[in-house]
Amino acid sequence: MLIIKLNKIALVFLLTIFGFGKSAFGQTKNNLALTGAATASSFMDGFEPAKAIDGRLSLENSWKNEASEGETWLLVKLPGATEIVEITLKTLPESQAISDFKIQTILNGSWRNVKEISSNKDQTVTLAFDKPILTDRIRLWIEGENQVTVSEFEIFGRQYVDSAATEVKKILVNQSGYNLNRPKRFSAPDIEEKTPFVLVQQGNEKIVFTGSIENGIGDFTEFNPESEEEYIVIANNYKSYPFRIGPNWLERVTYRNMIDFMIGARHYVGTTDLIRPLSFEWRDGDFFNWALQGMVALYLSNPEAFERMDKTVSYVPNSSFPSQYKGLWGALEPFSEDAPDLIKLIHWDVDVKISQGLEHEMQKAELAHFLYAWPYLEKWLPQQNFDRVYEYTKDIWGKSTVKPSSTSQYDLSPEHNLLALKTQMGTTKGEMPPGYSVIPNLMMYDVTKKTGGKDAEKYFEAAYNQMDWMIQNLDWKDPQVTKGQRMSEHMTMRAFAYFQNNFPDKAPQGLKDKVTEWAKVVVSRSDNYWDFRKYSDDEDWVPPSWNETGNILGFPAALFAAMSMIEDKSLSQRLEVLAWSHFDNAFGRNPVGRHFSYKGPDEIEGVDLGWYDAHKGGIGLLEEVKFVFDGSPKSFHYPNNPEVGNLGWTEGWVQFNTAFNVSMAYSANHYTNLELSAASKNKLEIRLVAPLNFDPNTTESVSVRVQNEQGQSVSVLLTEESTYSDTLIGNLRITKSGITSGKEKINWKKGETITVSYGLGYFQNDATYKRID
């Protein structure tokens, strides 16, 4: 037997404190592999990988792989975070000893060697570690063409417990609060089934709602108070953190914060002027940050909310910086100073792309969103902006090559022609999600037609071919296609929704059925006490070892996009619950009971407990930026292991916040609704439901345009229906020949239709009314 001894004295000490007796050898030890689950690169019939961890040393109870030219591996996933101090690999005399192999653990999605063995001739190999290996999975890896037989792969150590981990509440809620008239749930995984719970006012503990815990979940969706009270949930004498319930509560506590994050995360001119690697428009944003399309979506979904915000951004001329900054921005003429901050941030992103001549397919695809939104941006931006961007984008759209300064080590693109079919699948880094070229090509199709271009069809053809390929080839049960795309997963379902909703008569066959299939897989993986969509049908809750914060934050965008196409009402309702449960997960309804932001208690109204810590330094230098999403529970925290504490990588990333931005845009659009009806013989009433009422102490309003068939329009002021209502109302007076609003008047004759709208572009919501008298 070969024993690899690394500092024997230290090893004996470790094994002693881990409960293995005074010696590492000759003692009965706890083989943790017996509690694990094994998978392998391949196996022969009757020699499944589970037989390598069943504790039975015989040939018939062994794992055998099928010989291949590729890599051979045996992976053991343990029930939770584990400190491994020793492993033993056993083969039998009737099978060959394994000569060359590696022992690997996973970190941030990549396998890393922790031990390498060569020229081994022993049937039993014991590897002991000076320092415990902290992981929830370990892999035996053998390179080359090999057929191997492993009788036992034994793992010794103990479950990891963070002695500094704070006690987690037994009732986990969204610590900040819940939106009125939306799903409202909490998790209580440790409380007995059917236990009654009460919702009480925090001040006097007056009971305002009762229910019972089912499958570890309490539901109080039906409770919609018109109050500024704080509430707590009580069950079995356990209490939750206090929270509020109000109209558009999530929007109230995040909208300004979203903008402030983007302001601070700007490269060169944000909270630091340092030039950073892997950074173009945004620090550590790389080429796949999706920031521009997220900001455009925010504005199109709820323009009034961003136009009424305080303006804090001013133009920063490139000429005011030292020479090393020359040419990094400034190619576009400046914005109007009265533009909303969100518009100024959109301008910043585009200006950097054009100034630096960024050519990566992800970067130039983003420019299509700016061109598409131009009719809604031009009142604040010079025409030169559109002209310069349009010419640049057209010229490089089909370019296959890219200059080195536009890319990074994460670039997987075989080529950069956006008209080409994209079949390459990205990794869990999130750099290449399926369908990233669909929306940009459809937008370029529209923009080219509106500008009188003669080659618009090439863009539509590229989008159609890409969508058709996705319908035929994407396997929703493969987690790499969905949650495996990390913070970029939303790109795929949004592509489906954009095609179906904007080109319903031209969409490829099977599109809606494909979306329904996706939704059913999502629901099947979400039946747990967190209402949390798992990574796979197996034991993995999240992508192994990743800080997957952005996937949780961006997942509601995918859900709301899917809901716009799904006809099954019960399926759609379940997706809505999941959209809000993932928002809630980021706000504390998770196994560690913490908000994803370390500074959450200081920056977000109502948050009690933020993430364990924040990353210092790094490429992004986000310490001084507001509203950073720092971390989220890892694979070893699920399903309910709070004692693991602050384990795993923590670092905010602009990609996490941009994923949240997209989700908030799709949420706003999903719940926006317009009605135009006759309130009386001489009056029309407009009713708008949109996330605009944030403050019960302020009467909020919005102006909408009502247009006749000839293109004439009048402005109508809508004000909130009541203090806690999400509806705003306004009236039009009907005259003999038209309608009036204040001093404005337009023609409206019998048989003609008028239209009122809110939201812009692909997020525009309309209501119409036809005159019949």
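Refer to the preceding data block for the structure.
Residues numbered from 1 in each chain as written. Predicted model: local features only at pLDDT ≥ 70, side-chain atom pairs only at ≥ 80, totals over all residues. Heavy atoms only, no water.

1. What about the pattern of salt bridges?
Using the criterion set out here, one finds 38 salt bridges in the structure. Among the ionic pairs, arginine 158 bridges to glutamate 83, the shortest N-O distance being 3.2 Å. Here arginine 158, found in strand β9 (residues 152-159), pairs with glutamate 83, found in strand β4 (residues 72-90); they are 75 residues apart in sequence, far enough to count as distant. Close ionic contact of aspartate 773 with arginine 771 constitutes a salt bridge, the shortest N to O distance being 2.9 Å. A residue is classified by how much of its surface remains accessible, and aspartate 773, at 55% relative accessible area, is exposed. A relative accessible area of 8% places arginine 771 in the buried class. Through salt bridges with shared partners, a single network forms among Arg185, Asp219, Asp531, Arg574 and Arg589. (Salt bridge = Lys/Arg side-chain N within 4 Å of Asp/Glu carboxyl O. Helix = DSSP H or I, 4+ residues; strand = E, 2+ residues; numbered from the N terminus. Buried < 20%, exposed > 50% of the residue type's maximum accessible area, 1.4 Å probe, protein only.)

2. Quick notes on the environment of leucine 32
With respect to the element layout, leucine 32 can be found in the loop between α1 (8-17) and β2 (37-40). On the accessibility criterion, leucine 32 (12% relative accessible area) is buried. For the pair leucine 32 and threonine 423, spaced 391 residues apart in the sequence, the C-alpha separation amounts to 41 Å. The residues touching leucine 32, leaving out its near neighbours within four places in the chain, are Leu78, Thr82, Ile155, Phe156, Gly157 and Arg158. (Contact = heavy atoms within 4.5 Å.)

3. Topic: helix α12 (residues 549-563)
Along α12, the largest kink reaches about 30° and is centred on phenylalanine 555; proline proline 556 follows within four residues of it. Among the 15 residues of α12, 15 are classified as buried, and the element is accordingly described as predominantly covered. (Bend = angle between axes of the 7 residues up to and from the residue.)

4. Observations regarding the side chain of arginine 486
Here arginine 486 shows up in the loop between α9 (457-473) and α10 (490-502). Here arginine 486 is in contact with Thr428, Lys429, Trp546, Asn547, Glu548, Asn551, Trp653 and Phe656, once residues within four sequence places are set aside.

5. Thoughts on the packing of aromatic side chains
Considering all chains together, one arrives at 53 aromatic pairs under this definition. Plain terms: the ring middles of tyrosine 178 and phenylalanine 243 are 5.2 Å apart, the flat faces sit at 75° to each other, and that makes the pair edge-to-face. In this pair, tyrosine 178 sits in strand β10 (residues 177-179) while phenylalanine 243 sits in strand β17 (residues 243-246), placing the two residues 65 residues apart along the sequence. Accessibility expressed as a relative area gives 2% for tyrosine 178, which makes it buried. Note on tyrosine 666 and phenylalanine 763: the rings are 5.0 Å apart at their centroids and 85° apart in plane angle, and the pair reads as edge-to-face. (Phe/Tyr/Trp six-rings, centres within 6.5 Å; stacked < 30°, edge-to-face > 60°.)

6. Digging into the nonpolar core
In terms of nonpolar packing, the biggest core is built from 170 residues, with Phe370, Met493, Phe496, Phe499, Trp518 and Ile686 touching the most fellow members. Filtering out sequence-adjacent residues up to four positions away, tryptophan 518 remains in contact with Trp476, Thr482, Glu489, Met493, Phe555, Ala558, Leu559 and Ala562. Core analysis: the second largest hydrophobic core is formed by 28 residues, Ile117, Leu127, Ile138 and Val150 among them. (Core = buried A, V, L, I, M, F, W, Y, C linked by side-chain atoms within 4.5 Å.)

7. So, the packing of α9 against α10
Close contact between α9 and α10 brings their axes to 11 Å; oriented N to C, the two are set at 120°. When the axes of α9 and α10 are compared, the pair comes out oblique. In this structure, α9 crosses over α10, and the sense of that crossing is left-handed. In this structure, α9 uses Phe460, Ala463, Tyr464, Met467, Met470 and Ile471 to contact α10, whose residues at the interface are Thr492, Ala495, Phe496 and Phe499. Here the contact of α9 with α10 is composed, by residue class, of nine nonpolar, one polar and no charged. (Axes fitted to C-alpha atoms, helices over the stretch in contact; angles between N-to-C directions. Parallel < 35°, antiparallel > 145°, perpendicular 65-115°, else oblique. Left-handed = near helix turned anticlockwise from the far one by under 90°. Nonpolar A, V, L, I, M, F, W, Y, C, P; charged D, E, K, R; others polar.)

8. Considering the pairing of strand β20 (residues 701-707)
Because side chains alternate across β20, one face comprises the buried residues Val702, Val704 and Val706, and the other comprises Ser701, Ser703, Arg705 and Gln707, none of which is buried. Sheet topology note: the β20/strand β21 (residues 713-720) ladder contains seven bridges and is antiparallel. The partner of serine 703 across the bridge, within β21, is leucine 717. Once β20 ends, the chain turns through five residues before running back antiparallel as β21, passing glycine 711 with a positive phi of about 90°. Where β20 lies against strand β25 (residues 753-758), three bridges are found, and the strand directions are antiparallel. Bridged to glutamine 707 within β25 is threonine 755. (Pairing = 2+ DSSP bridges.)

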